[in-house]
Amino acid sequence: MEFRHLRYFLVLAEELHFGRAARRLSMSQPPLSLNIQQLEASIGARLFTRSSKSVQLTAAGLAFVPAARALLDQAAEAASHARDVGQGMAGSLTIGFSGTMLYSGLPKILERFQAQHPLLRLMLRELSSSEQLIELSHDRLDIGFVHTTRVPPELSQILVARQAFMACLPTGHALAGQPALSLGALQGEPFAVVSRTVSPDYHERILAMCLEAGFYPEIRYELRHWLSVVSLVSQGMGVALVPAALQQSAMAGTAFVPLNTASTPYDTYCLWKTARDNPALAAFVQAVQAAIAMAA
């Protein structure tokens, strides 16, 4: 049984006349008769009764009409879905991100992209930069947003955002109301940081900045998430150096104060496996690039 057999059968079932059915199908009558015979042979039942005056559906033919329509509709739907996936319009994408991306433009990128690709299913996983590199290498992520320059050569990358570090202080801290402060002013304070195992780049950056300011930070709290760092500061338990985007968290009990000395920026990169042949991935990369251009 072939799909053309089903199409020919349904047209003949509607016309109940070989000549009219053949004209609708833009073919001659003998090939139509042959295809109907082939269909009946494959099914093992007569679908039509034929006489010199009329063509009628048999009981088997009547029963086969809705099934034939359903098969053709299902085939058309499958073809449409495959075409959409091939054009990057359908399917799914798994996106990795670190917590700061919720305040660095990712929600807007996702909103615009989903509006343009409503059939695509976007799945988000919050992971550290090091975890994302592992997941990308094993094809368990399609794309990731990381804060590391230690990128394997098989991954493509684009710089998405660059932001300064700020001091995050409890609102009751003596320096919380300052327009800016020197990093050295935080010497001796208990620091909260994202742990080295979760984000080695950030951890080393904080150490380097403090050493350049003339002191070694007293790291008392090592946490897994940026918002945990800000939350701990809000409770008056310590201070932190955080990316400027976290000001948008607007967490009660915290004050964000700029540093009056230049520091190495906190960069965000979008990564994906160069060899991946995925139209949806290519479309998402284009959306990220468009967002970068709009923000420039």
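In this report, we go over the structure that sits alongside the text. (Residues numbered from 1 in each chain as written. Predicted model: local features only at pLDDT ≥ 70, side-chain atom pairs only at ≥ 80, totals over all residues. Heavy atoms only, no water.)

**Let's talk about the pairing of strand E7 (residues 165-170)**
Point 1. The buried fraction of E7 is high, at six of six residues.
Point 2. Of the pairings in the sheet, the one linking E7 to strand E10 (residues 240-243) comprises four bridges and is antiparallel in character. Bridge assignment links methionine 166 to a residue of E10, and that residue is valine 242. (Buried < 20%, exposed > 50% of the residue type's maximum accessible area, 1.4 Å probe, protein only. Helix = DSSP H or I, 4+ residues; strand = E, 2+ residues; numbered from the N terminus. Pairing = 2+ DSSP bridges.)

**Here's the deal with the pattern of salt bridges**
Here the idea is simple: oppositely charged side chains can pair when their charged atoms come close.
Point 1. Following the criterion strictly, the structure yields 17 salt bridges and no others.
Point 2. The closest approach of N and O atoms between arginine 24 and glutamate 14, which form a salt bridge, is 3.0 Å. In this pair, arginine 24 sits in helix H2 (residues 18-24) while glutamate 14 sits in helix H1 (residues 3-15), placing the two residues 10 residues apart along the sequence.
Point 3. One network of salt bridges, with partners in common, ties together Glu14, Glu15, Arg20, Arg24 and Arg69. (Salt bridge = Lys/Arg side-chain N within 4 Å of Asp/Glu carboxyl O.)

**Some words on the nonpolar core**
Point 1. The biggest cluster of nonpolar side chains holds 35 residues, and the ones touching the most others in it are Ala167, Leu169, Leu181, Leu186, Tyr202, Leu241 and Val242.
Point 2. Of all the secondary structure elements, the ones that give two or more residues to this core are E7, strand E8 (190-194), helix H7 (200-212), helix H8 (226-234), E10 and strand E11 (254-258).
Point 3. The residues touching leucine 241, leaving out its near neighbours within four places in the chain, are Phe165, Met166, Ala167, Leu183, Leu186, Phe191, Tyr202, Ile206, Met209, Cys210, Trp226 and Leu259.
Point 4. The next biggest cluster of nonpolar side chains, apart from the first, holds 24 residues, and it includes Phe97, Leu106, Ile158 and Trp272. (Core = buried A, V, L, I, M, F, W, Y, C linked by side-chain atoms within 4.5 Å. Contact = heavy atoms within 4.5 Å.)

**Notes on the side chain of glutamate 40**
Point 1. With respect to the helices and strands, the residue glutamate 40 is situated in helix H3 (residues 29-43).
Point 2. Judged by its relative accessible area of 8%, glutamate 40 is buried.
Point 3. The residues contacting glutamate 40, other than those within four sequence positions of it, are Ala45, Arg46, Leu47, Phe48 and Arg50.

**What to know about the packing of helix H5 (residues 106-116) against helix H9 (residues 279-295)**
Point 1. Two elements in contact, H5 and H9, have axes separated by 10 Å at closest approach and are oriented at 130°. Here H5 lies oblique to H9, going by the angle between them. Between H5 and H9 lies a crossing of right-handed hand. Across the interface between the two elements, Ile109, Leu110, Arg112 and Phe113 from H5 touch Ala280, Ala283, Phe284, Ala287, Val288, Ala291 and Met294 from H9.
Point 2. Its residues assigned to classes, the contact of H5 with H9 shows 10 nonpolar, no polar and one charged. (Axes fitted to C-alpha atoms, helices over the stretch in contact; angles between N-to-C directions. Parallel < 35°, antiparallel > 145°, perpendicular 65-115°, else oblique. Left-handed = near helix turned anticlockwise from the far one by under 90°. Nonpolar A, V, L, I, M, F, W, Y, C, P; charged D, E, K, R; others polar.)

**Brief notes about the side chain of aspartate 142**
Point 1. With respect to the helices and strands, the residue aspartate 142 is situated in the loop between helix H6 (129-137) and strand E5 (143-146).
Point 2. Residue class for aspartate 142 comes out buried when judged on its relative accessible area of 8%.
Point 3. Within the local environment of aspartate 142, its side chain forms a polar contact with the backbone nitrogen of threonine 94, the two atoms lying 2.8 Å apart.
Point 4. A polar contact is formed between the side chain of aspartate 142 and the side chain of arginine 276, at a distance of 2.6 Å.
Point 5. When sequence neighbours within four positions are dropped, the list of residues in contact with aspartate 142 reads Ser92, Leu93, Thr94, Leu136, Leu271, Trp272, Arg276, Asn278 and Leu281. (Polar contact = N/O pair within 3.5 Å; in protein donor to acceptor, adjacent residues only side chain to side chain.)

**Side note on the environment of histidine 5**
Point 1. Note that histidine 5 resides in helix H1.
Point 2. Looking at histidine 5, the relative accessible area reads 5%, which means it is buried.
Point 3. Remark: the alpha-carbon pair of histidine 5 and leucine 32, spanning 27 residues in sequence, is separated by 9.0 Å.
Point 4. If we ignore the near neighbours within four places in the chain, the residues touching histidine 5 are Asn35, Gln38 and Leu39.

**Observations concerning the sheet that holds E11**
Working definition: the strands of a sheet are paired by backbone hydrogen bonds and lie parallel or antiparallel to each other.
Point 1. Spatially, three strands are ordered E10-E7-E11 in an open sheet, and the strand pairing comes out antiparallel. Where the open sheet ends on each side, the last strands, each with one partner, are E10 and E11. The mean angle between the axes of side-by-side strands here comes to 40°, regardless of whether they run parallel or antiparallel.
Point 2. Where E7 and E11 come together, five bridges link them in antiparallel fashion. Bridge pairing links proline 170 to threonine 254 in E11.
Point 3. Here H8 sits on the sheet and contacts E7, E10 and E11; the angle it forms with E10, its principal contact strand, is near 135°.

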